[in-house]
Amino acid sequence: MIVVTGATGNVGQELVRLLLEAGEQVTAVSRRPGPLPDGVRHVEADLADPKSLDTALDGAGALFLLVAGDDPEGILELAAAGGVRRVVLLSSQGAGTRPEVYGHPAAFEDAVRRSGLDWTVLRSGGLNSNAFAWAGTIRAQRTAAAPFGDVGLPTVDPADVAAVAAAVLREDGHTGRTYELTGPAPVTPRERAEAIGEALGAPVRFAEQTRAEARAQMLAFMPEPVVEGTLAILGEPLPAEQVPSPDVERVLGRAPRTFAEWAARTAPAFR
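Residues numbered from 1 in each chain as written. Predicted model: local features only at pLDDT ≥ 70, side-chain atom pairs only at ≥ 80, totals over all residues. Heavy atoms only, no water.

**Focus: the overall build of the chain**
- From N to C terminus, the chain includes 13 helices and 9 strands.
- Relative to its length of 271 residues, the chain is compact, with a C-alpha radius of gyration of 19 Å against a globular reference of 18 Å.
- In terms of its C-alpha atoms, the chain occupies a principal-axis envelope of roughly 50 × 40 × 35 Å.
- Counting only residues that meet the buried cut, the chain has 49% of its 271 residues in that class.
- Relative to all contacts within the chain whose residues are 6 or more apart in sequence, the contacts with residues 24 or more apart total 71%.
- Here the chain displays about 12,200 Å² of accessible surface, and carbon together with sulfur accounts for 50% of that area.
- Computed over 25 positive and 35 negative side-chain charges, the separation of the two mean positions in the chain equals 3 Å. (Helix = DSSP H or I, 4+ residues; strand = E, 2+ residues; numbered from the N terminus. Rg over C-alpha atoms; globule rule 2.2 N^0.38 Å. Buried < 20%, exposed > 50% of the residue type's maximum accessible area, 1.4 Å probe, protein only. Contact = heavy atoms within 4.5 Å. Areas by Shrake-Rupley, 256 points an atom, 1.4 Å probe, with all protein chains shown as cover. Lys, Arg positive; Asp, Glu negative; His and termini not counted. Charge placed at Lys NZ, Arg CZ, Asp CG, Glu CD.)

Right under this line is the structure:
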């Protein structure tokens, strides 16, 4: 059995679907109920409270773990006691490029590597699904606002992250590896807005925010150090943050999907 935490999220939902299609038995874990395929066992649990995972992990062989809560060691000890032998951690690219800012995922990576389990770390770049933050203004005003409109990053389709996770959870040969997951090419916020407009068949106007405007907006739902680190990546990315990684293709045997493909698939959310 494979346990998927964050099972109702953008990556988790697709991962559950892929594992079921492959014939795996899946336990889906999330803090609240959400849309899941028929036949999936669901357990409500919070990674901030490792003991809440007890029933989910009992009898499991593999665990897909998000960075959440502050006790990765407690989660991993419980997982090992339940029978888990393989753990796949969804971390952040920033844990490698800016560990002084992204200390939380870096701490989870350290715990996973010291766990004694067969581990693989997936360092995801920015997800294409972050563009859902524009859905309200695009639906109402056909407008998307963001800072640093002409700075490109190789954001990744969450479905590709899920596909890599499914492969790593099911296949041998990935133990002890850290994969960087990105899209095929850097895409600017302005280009992302254009791609959504093309998918809708109606232009989307791009409104460039100042750094201060973006910072104020992000502080409403992100801690200040993470806000500053995120703005640094968006505005002054390091070379390692702008260069597409070959790891999606290395694992899946195909190129990662483009942002335009993601926009075409998710266009109803913006109508």
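On we go.
**Quick notes on the pairing of strand S1 (residues 2–5)**
- Here S1 shows two buried faces, one formed by Ile2 and Val4 and the other by Val3 and Thr5.
- In this sheet, strand S2 (residues 26–30) lies alongside S1 in parallel orientation, the contact comprising 4 bridges. Its bridge partner lying in S2, Val4 is registered against Ala28.
- In this sheet, strand S4 (residues 62–66) lies alongside S1 in parallel orientation, the contact comprising 3 bridges. The residue of S4 that forms the bridge with Val4 is Phe64. (Pairing = 2+ DSSP bridges.)

**A closer look at helix H13 (residues 259–266)**
- Within H13, burial applies to Phe259, Trp262, Ala263 and Thr266. In an axial view of H13, the angular spread of the buried residues amounts to 100°, which keeps them on one side of the axis.
- Where H13 is buried, its residues touch helix H7 (158–170) and helix H8 (189–200). (Arc of directions from axis to C-beta.)

**Brief notes about the pattern of salt bridges**
- The full count for this structure, using the stated rule, is 18 salt bridges.
- As a salt-bridge pair, Glu73 and Arg114 come within 3.3 Å of each other at their nearest N and O atoms. Here Glu73 is found in helix H3 (residues 72–82), whereas its partner Arg114 is found in the loop between helix H5 (103–113) and strand S6 (118–124), with 41 residues between them in sequence.
- We classify Arg114 as exposed; its relative accessible area is 59%.
- Salt-bridge contacts for Glu224 lead to Arg215; the nearest nitrogen and oxygen are separated by 2.6 Å. (Salt bridge = Lys/Arg side-chain N within 4 Å of Asp/Glu carboxyl O.)

**Notes on helix H1 (residues 10–21)**
- In this model H1 runs 18 Å from its N-terminal to its C-terminal C-alpha over 12 residues, within 8% of the 16 Å that 1.5 Å per residue would give.
- Buried within H1 we find Val11, Gly12, Glu14, Leu15, Val16, Leu18 and Leu19.
- Where H1 is buried, its residues contact S1, S2, S4, strand S5 (86–92) and H7. (Expected span 1.5 Å × (residues − 1).)

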